[in-house]
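Chain residues, written in single-letter form:
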Amino acid sequence: MRTTVGIIGAGPAGLLLARLLQGAGIDSVVLESRDRAYVEHRQRAGILEQGTVDVLRAAGAGERMDREGLPHDGIELRYDRKRHRVDFPALTGGRSVMVYAQTEVCKDLIALQLKEGGPLLFEAEALAVEGADTAAPRVRFRRDGVEDVLECDYVVGCDGFWGVARRAIPEELVRVFERTYPFGWLGILADVAPSHDELVYARHDRGFALLSMRSPSVSRLYLQVPEGTEADAWGDDEIWAELERRFETADDWSLERGPITQKSVTPMRSYVHEPMRHGRLFLAGDAAHIVPPTGAKGLNLAIGDVVTFARALTHERRTGSAELLDAYSETCLRRVWQAERFSYDMTTLLHRAPGATPFEDRLQLARLERIAASRAAETDLAEAYTGFPFG
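Residues numbered from 1 in each chain as written. Predicted model: local features only at pLDDT ≥ 70, side-chain atom pairs only at ≥ 80, totals over all residues. Heavy atoms only, no water.

Student: What is the right way to look at the overall build of the chain in this model?
Tutor: Helix and strand counts for the chain stand at 12 helices and 20 strands. What you see for the chain is a C-alpha radius of gyration of 21 Å, in line with the 21 Å of a compact globule of 391 residues. On the principal axes, the C-alpha backbone points of the chain span a range of 65 × 40 × 40 Å. Here the chain, with 391 residues, has 57% of them falling under the buried criterion. A fraction of 71% describes how many contacts in the chain between residues 6 or more apart in sequence connect residues 24 or more apart. Carbon together with sulfur atoms contributes 48% to the accessible area of the chain, which is approximately 16,600 Å² in total. Treating the 48 positive side-chain charges of the chain as one cloud and the 60 negative ones as another, the clouds have centres 2 Å apart. (Helix = DSSP H or I, 4+ residues; strand = E, 2+ residues; numbered from the N terminus. Rg over C-alpha atoms; globule rule 2.2 N^0.38 Å. Buried < 20%, exposed > 50% of the residue type's maximum accessible area, 1.4 Å probe, protein only. Contact = heavy atoms within 4.5 Å. Areas by Shrake-Rupley, 256 points an atom, 1.4 Å probe, with all protein chains shown as cover. Lys, Arg positive; Asp, Glu negative; His and termini not counted. Charge placed at Lys NZ, Arg CZ, Asp CG, Glu CD.)

Student: How should the UniProt feature "domain: FAD-binding" (unreviewed entry) in the chain be read in this particular structure?
Tutor: When the UniProt feature table is mapped onto this chain numbering, "domain: FAD-binding" (unreviewed entry) sits at residues 2-343. Secondary structure content for residues 2-343 is 31% helix and 33% strand, and the end C-alpha separation is 39 Å. (UniProt positions renumbered as here; feature names shortened; annotations may be inferred.)

Student: Would you mind showing me how to read the sheet that holds strand S13 (residues 175-190) here?
Tutor: Ordered in space as S6-S5-S14-S15-S16-S13-S17-S20, the eight strands form an open sheet in which the pairing is mixed. Looking at which strands have only one partner, the edges of the open sheet turn out to be strand S6 (82-87) and strand S20 (289-290). Where strand S14 (residues 199-203) lies against strand S15 (residues 209-215), three bridges are found, and the strand directions are antiparallel. From the neighbouring strand, Ala-202 faces S15, where its bridge partner is Ala-209. Its contacts with the sheet place helix H7 (residues 236-246) against S13, S14, S15, strand S16 (218-226) and strand S17 (260-274), and it is angled at close to 85° to S16. Seen against the sheet, helix H11 (residues 358-373) touches strand S5 (74-79), S6 and S14 and runs at an angle of roughly 145° to S5. (Pairing = 2+ DSSP bridges. Axes fitted to C-alpha atoms, helices over the stretch in contact; angles between N-to-C directions.)

Student: Quick question: what am I supposed to make of the domain arrangement of the chain here?
Tutor: Bring the parts together and some accessible area is lost; that lost area is often taken as the interface size. Along its sequence, the chain is carved into domain 1 (5-72 + 100-178 + 269-346) and domain 2 (181-267 + 355-386). Here the C-alpha centroids of domain 1 and domain 2 sit 29 Å apart. On the side of domain 2, 19 residues touch domain 1, which itself brings 23 residues to the contact. Across the domain 1 to domain 2 interface the summed buried area is about 1,700 Å²; carbon plus sulfur atoms make up 62%. Across the contact surface, domain 1 and domain 2 share one salt bridge. A salt bridge links Asp-380 to Arg-341; its shortest N-O distance comes to 3.8 Å. Our count for the domain 1 to domain 2 interface comes out at six residue pairs in polar contact (both at pLDDT 80 or more). (Domains from an automatic or database assignment. Buried area = accessible area lost by both parts, 1.4 Å probe. Salt bridge = Lys/Arg side-chain N within 4 Å of Asp/Glu carboxyl O. Polar contact = N/O pair within 3.5 Å; in protein donor to acceptor, adjacent residues only side chain to side chain.)

Student: Got a minute to help me understand the packing of aromatic side chains in this structure?
Tutor: By convention here, two paired aromatic rings are described through the distance between centres and the angle between planes. Applying the stated criterion to the full structure yields 16 aromatic pairs. Consider the rings of Phe-282 and Tyr-328, whose centres lie 5.2 Å apart with planes at 85°: the pair is edge-to-face. With Phe-282 in strand S19 (residues 281-283) and Tyr-328 in helix H10 (residues 328-350), this pair connects stretches of sequence that are 46 residues apart. Each member of the pair, Phe-282 as well as Tyr-328, carries the same accessibility label: buried. Taken together through their ring pairs, the aromatic side chains of Phe-88, Trp-185, Tyr-201, Phe-208, Tyr-222, Phe-342 and Tyr-385 make up a single cluster. Positioned above the aromatic ring of Tyr-38, the side-chain terminus of Arg-34 is 4.1 Å from the ring centre. Against the face of Phe-161 rests Arg-269, its NZ or CZ located 4.6 Å from the ring centre. (Phe/Tyr/Trp six-rings, centres within 6.5 Å; stacked < 30°, edge-to-face > 60°. Lys NZ or Arg CZ within 6 Å of the ring centre and 35° of its normal.)

Student: Would you mind showing me how to read H11 here?
Tutor: Because the α-helix completes a turn every 3.6 residues, residues three or four places apart line up on one side. Taking 1.5 Å per residue, 16 residues should reach 22 Å; H11 reaches 22 Å between its end C-alpha atoms and fits that length. Residues of H11 that are buried include every one of Asp-361, Gln-364, Leu-365, Leu-368 and Ile-371, and no others. For H11, the arc enclosing every buried residue in end-on projection is 115°, short of the 170-degree limit, so these residues lie on one face. Exposed and facing more than 90 degrees away from the buried side of H11 are Pro-358, Phe-359, Arg-362, Arg-370 and Ala-373. Contacts made by the buried residues of H11 are with S5, S6, S14, H10 and helix H12 (375-386). (Expected span 1.5 Å × (residues − 1). Arc of directions from axis to C-beta.)

Student: Mind showing me how you'd approach the pairing of S13 here?
Tutor: Within a regular beta strand, the side chains point alternately toward one face of the sheet and then the other, so they alternate between its two faces. Pairing between S13 and S17: 13 bridges, direction antiparallel. Opposite Ile-188, over in S17, you have Lys-263 as the bridge partner. In the sheet, S13 pairs with S16 via eight bridges, with the strands oriented antiparallel. Bridge pairing links Trp-185 to Gln-224 in S16.

Student: Would you mind going over the sheet that holds strand S2 (residues 28-31) with me for this structure?
Tutor: Across a sheet, strands are paired by hydrogen bonds formed along the backbone, either parallel or antiparallel in direction. Pairing within the open sheet is mixed, and its six strands lie in the order S8-S2-S1-S12-S19-S18. Across the chains shown, the open sheet's two edge strands, defined by having one partner strand only, are strand S8 (120-121) and strand S18 (277-278). Taken together, the two bridges between S18 and S19 define a ladder with antiparallel strand orientation. Directly across from His-278, in S19, lies its bridge partner Leu-281. Lying on the sheet, helix H1 (residues 12-23) is in contact with strand S1 (5-8), S2, S8 and strand S12 (154-157); it crosses S1 at an angle near 160°. Each of S1, S12 and S19 is contacted by helix H8 (residues 298-319), which is oriented at about 170° to S12, the strand it contacts most.

Student: Can you walk me through the packing of H10 against H12 in this structure?
Tutor: To describe two helices that pack against each other, one gives the angle between their axes and the distance between the axes. Following both chains from N to C, one finds H10 and H12 inclined at 120°, their axes separated by 10 Å at the closest point. Of the possible angle classes, the one that applies to H10 and H12 is oblique. The interaxial crossing formed by H10 with H12 has left-handed handedness. On the side of H10, the interface is formed by Arg-341, Phe-342 and Met-346, while H12 contributes Asp-380, Leu-381, Ala-384 and Tyr-385. When its residues are assigned to classes, the contact of H10 with H12 shows five nonpolar, no polar and two charged. (Parallel < 35°, antiparallel > 145°, perpendicular 65-115°, else oblique. Left-handed = near helix turned anticlockwise from the far one by under 90°. Nonpolar A, V, L, I, M, F, W, Y, C, P; charged D, E, K, R; others polar.)

This is the structure we're talking about:
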């Protein structure tokens with residue numbers, strides 16, 4: 001089997017890349033180790049930056065998103081029983097975000113790829129990337145128990161932290177930057193209408209809490225919990241009681257309860273792999289970088305990576321110049337490090353570290369008061385949250 005671009009991974013990044021390449025007249029093959037049902041139902045991110053929304057619309061994948069997604073023009077910060085709303089459009093020249101789950105993005109892109117695009121092979125496990133530093137890289141993969149080879153001009157690894165693409169870069173060329181956090185998020189899905197029409201980020205002495213949503217009738221909520229916590233260690237009533245404590249305000253706002261349908265714990269880490277390119281192998285998304293979810297950046301960073309690659313390859317095809325392809329890693333990493341910085345800032349602003357001192361507690365409150373009182377500080381948050389420019 002032969003193609004111009006071999007794409008490993010059918011998450012939103014790999015699927016969107018195939019769509020963007022098709023629009024530019026460049027053929028591709030997507031290899032995905034899981035079956036279609038798994039890809040369409042794995043719970044991940046739910047916040048789309050303005051740039052991600054714009055790219056999906058331009059790629060013809062925005063119709064259902066615009067019909068069913070929930071546009072959000074701000075977030076609310078809660079601390080010391082106070083409430084402060086950050087108005088995105090007023091601070092960013094009109095930019096906002098969209099609540100639309102990654103599962104739905106994948107469903108839309110899969111339907112388009114199967115209807116209009118090139119091969120999308122489910123249950124095709126990538127085994128290795130070979131010849132990345134040659135003009136003819138190859139992806140060895142297994143499907144239906146049979147090994148095969150996908151010959152390419154380029155390989156893009158959208159296969160996550162545990163995938164094979166990153167391992168094809170020689171260790172002596174790699175620099176890794178990482179940080180693990182001594183807490184995680186206990187996340188729940190609940191069949192109850194969201195108790196607020198925008199996301200609520202709460203800093204509390206007992207730990208962070210986040211009120212989010214998946215639809216007008218399904219709430220997504222999170223609690224900061226110690227590292228290593230098991231989801232089943234928390235009972236439903238215990239979860240709701242703790243959420244109520246952490247979201248408490250001085251006014252009459254209340255949290256609506258409902259049946260909890262899913263529980264999970266998300267570990268918190270920051271990770272960057274440099275470089276993001278070796279020869280004709282390009283890394284995108286979690287294969288190259290991970291952010292704590294506080295800043296809602298993971299999915300959007302992955303989209304930025306594949307947009308950068310698609311533009312660079314299209315430029316090479318039109319002009320014969322590989323300048324943008326050669327600059328891929330440097331270009332992506334500028335955006336990655338700004339997202340890492342913002343995600344770290346949001347995490348340390350809102351989470352109470354184990355053993356935090358009263359001095360550190362007061363610093364957090366002072367930082368939040370600064371955001372509430374300073375348009376400049378508030379604008380910095382709004383610009384980062386709604387998204388750094390692609391490219």
